[in-house]
Amino acid sequence: MPELPEVEIIVNDLRCELIGRKIQDVQTDWPKYFQLPKSEAAFRTCVIGRVITGVDRRAKNVLIRLEGGHLLLVHQKISGRLIVGNWERTKRLIGSTGSTHSLWQPVTSAASTHQPAGRFIHLVFELDDGRQLALSDLRKFAKVLCGPRDAILNLDEIRRLGPEPLDPRFTFSDFKRLFEGRTGRIKPLLMNPNFIAGIGNIYSDEILYAARIHPLGRVDQLAEPRLRSLYRSMKAVLRKAIRLRGTGIEGSRGSPAGYDKVRMVYHQKLCPKGHVVHRIRASGRSAHFCPVEQKLYRHAST
DNA sequence: ACAATATCCTGCGAGC
DNA sequence: TGCTCGCAGGATATTG
């Protein structure tokens, strides 16, 4: 879901809202969210009472810095959205079994009424100003971790992450080096977080169109000019998406996503040049591309 | 080594 | 209207 641009926007918004706030309570109806510490009780002990001192991003992870050198990591996965607002907890009956789920509903009169993502809230951090940091997450794939900063940053899943594409220190020669000894298709490689961080299904399609590279192109056949084009397109598309406040979602402060208006191929019928966009499945995901401008070059037959 | 698939979940829209 | 089916923006484990 949120890819690098959307997470970057959320992080920037949250930074304004959260710095200086103290976390006073944690509530959830889905304790599976807690990956570290795994038990709800231990997780609560880890975060409750701590003041938020910063909000950063690494790949698609939201890193909330806490007093005492702790880090609260949230990965929103496909459907997660971190939002700040006001909700009340009620109970909802599930089926005929008599079991109940929690349900958070917007406090009427609050601005949060206007947040569509306010549905499907399953995790809430109570703040000391009466507001809440909430995770809306229809599919419940998100995960949260808390611990000493070094312990979190040294987790395999964080250490293994590829470079940040928008890091100014990430040069073309760094990018080129990533491809050394690699084979396979370009789209799944771009989406591999351990190859390069933050690029998902939407922006891999957009970047490949901008670079005029077929999603199934073989990475070992990309000559240097193609790689250079890919490098430039990657930076340009991601920066533009951030500037336009992302795709399909709203930041927690409400300005609407603007990249949708300039999307070139993802969920588009026609590309900017008017060609029909094709949709195929590539490694289990949908890939959108323009067959006219993104040729799958191959020598002879077989 | 790579590629395709299953998996964690649930709502929604399309098509019948 | 009501049902079933396929689809959904992530990342990993498993299998071929």
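These numbers come from a predicted model, not from an experiment.

In the segment running from L36 into P37, the intervening peptide bond is cis, with an omega of -15°. By secondary structure assignment, the location of P37 is in the loop between β2 (34-36) and α2 (40-47). Phi at R245 takes a positive value of approximately 65°, unusual for a residue other than glycine. Here R245 shows up in the loop between α8 (224-243) and β12 (278-282). Even without being a glycine, H267 presents a positive backbone phi close to 55°. Here H267 lies in the loop between α8 and β12.

Right, let's talk about the nonpolar core for a bit. Ranked by size, the top nonpolar core spans 34 residues in total, and within it F175, F179, I186, Y203, I207, L230 and M234 carry the most contacts. Where this core is concerned, the elements lending two or more residues are α5 (172-178), α6 (186-190), α7 (201-210) and α8. Excluding residues that lie within four positions of it along the chain, L230 makes contacts with F175, F179, I186, L190, I207, L208, A211 and I213. Counting 29 residues, the second largest nonpolar core, distinct from the first, contains L18, V62, F125 and A142.

Once that is clear, we can look at the pairing of strand β5 (residues 70-75). Of all 6 residues in β5, 6 are buried, a share of seventy percent or more. Neither face of β5 is open: one carries H70, L72 and V74, the other L71, L73 and H75, and all of them are buried. In the sheet, strand β4 (residues 61-66) pairs with β5 via 6 bridges, with the strands oriented antiparallel. Residue R65 lies in a different strand from β5, and its bridge partner there is L71. Between β4 and β5, which pair antiparallel in sequence order, lie 3 residues; one of them, G68, sits at a positive phi of approximately 85°. Bridge count between β5 and strand β11 (residues 143-148): 6 bridges; the pairing is antiparallel. By the bridge assignment, L71 is partnered in β11 with G147.

The subject of this paragraph is the protein's contact with DNA strand B. Lining the immediate surroundings of DNA strand B are 13 residues, of which K32, R119, K140, T183 and G184 lie closest. Close to the protein, within 4 Å, the atoms of DNA strand B are drawn from sugar and phosphate at a rate of 68%. Within the side chain of R139, an N or O atom sits 3.2 Å from a base oxygen of DNA strand B. For the surface near DNA strand B, a count of residues per class yields 4 nonpolar, 3 polar and 6 charged.

You can read the domains of chain A as domain 1 (4-159) and domain 2 (172-289). Centre-to-centre separation of domain 1 and domain 2, based on C-alpha positions: 29 Å. Contact with domain 1, which involves 19 residues of that partner, is made by 16 residues of domain 2. Carbon and sulfur atoms make up 63% of the area that domain 1 and domain 2 hide from each other, which totals about 1500 Å². There are 1 salt bridge connecting domain 1 and domain 2. Note that R245 is salt-bridged to D13, the shortest N-O span being 2.8 Å. Inspection of the domain 1/domain 2 interface yields 4 residue pairs in polar contact (both at pLDDT 80 or more). Broken down by element, the residue count for the side of domain 1 that touches domain 2 peaks at 10 residues, all from helix α1 (residues 4-18). In terms of residue class, the side of domain 1 that touches domain 2 is made up of 11 nonpolar, 1 polar and 7 charged.

If you walk across this open sheet you meet the 4 strands as β1-β9-β10-β6, and the pairing is antiparallel. The sheet is open, and its two edges are formed by β1 (23-28) and β6 (80-85), each paired on a single side. Each strand axis lies, on average, 20° off the axis of its neighbour in the sheet, ignoring direction. Relative to strand β9 (residues 121-127), β1 runs antiparallel, the two being bridged by 5 bridges. Among the inter-strand pairings, V26 is bridged to a residue of β9, identified as F125. Most of the contacts of α1 go to β6, to which it runs at about 25°, and overall it touches β6, β9 and β10 (132-137). Sitting on the sheet, α2 touches β1 and β9, and the angle it makes with β1 is about 155°.

To continue, consider the pattern of salt bridges. This structure, assessed with the given rule, holds 20 salt bridges. Between R131 and D129 there is a salt bridge, with its nearest N and O atoms 3.0 Å apart. Residue classification places R131 among the partly exposed positions, given a relative accessible area of 24%. For D129, a relative accessible area of 35% corresponds to the partly exposed category. Residues R228 and E224 are paired through a salt bridge, measuring 3.5 Å at the closest nitrogen-oxygen approach. Note that R228 and E224 are positioned in helix α8 at a spacing of 4 residues, about one turn of the helix. For R228, a relative accessible area of 32% corresponds to the partly exposed category. For E224, a relative accessible area of 34% translates into the label partly exposed. One continuous salt-bridge network, built from bridges that share partners, spans E17, R21, D128, D129 and R131.

What counts and how
- Residues numbered from 1 in each chain as written.
- Chains lettered and ligands numbered in written order.
- Predicted model: local features only at pLDDT ≥ 70, side-chain atom pairs only at ≥ 80, totals over all residues.
- Heavy atoms only, no water.
- Helix = DSSP H or I, 4+ residues; strand = E, 2+ residues; numbered from the N terminus.
- Core = buried A, V, L, I, M, F, W, Y, C linked by side-chain atoms within 4.5 Å.
- Buried < 20%, exposed > 50% of the residue type's maximum accessible area, 1.4 Å probe, protein only.
- Contact = heavy atoms within 4.5 Å.
- Pairing = 2+ DSSP bridges.
- Near = heavy atom within 4 Å.
- Polar contact = N/O pair within 3.5 Å; in protein donor to acceptor, adjacent residues only side chain to side chain.
- Nonpolar A, V, L, I, M, F, W, Y, C, P; charged D, E, K, R; others polar.
- Domains from an automatic or database assignment.
- Buried area = accessible area lost by both parts, 1.4 Å probe.
- Salt bridge = Lys/Arg side-chain N within 4 Å of Asp/Glu carboxyl O.
- Axes fitted to C-alpha atoms, helices over the stretch in contact; angles between N-to-C directions.

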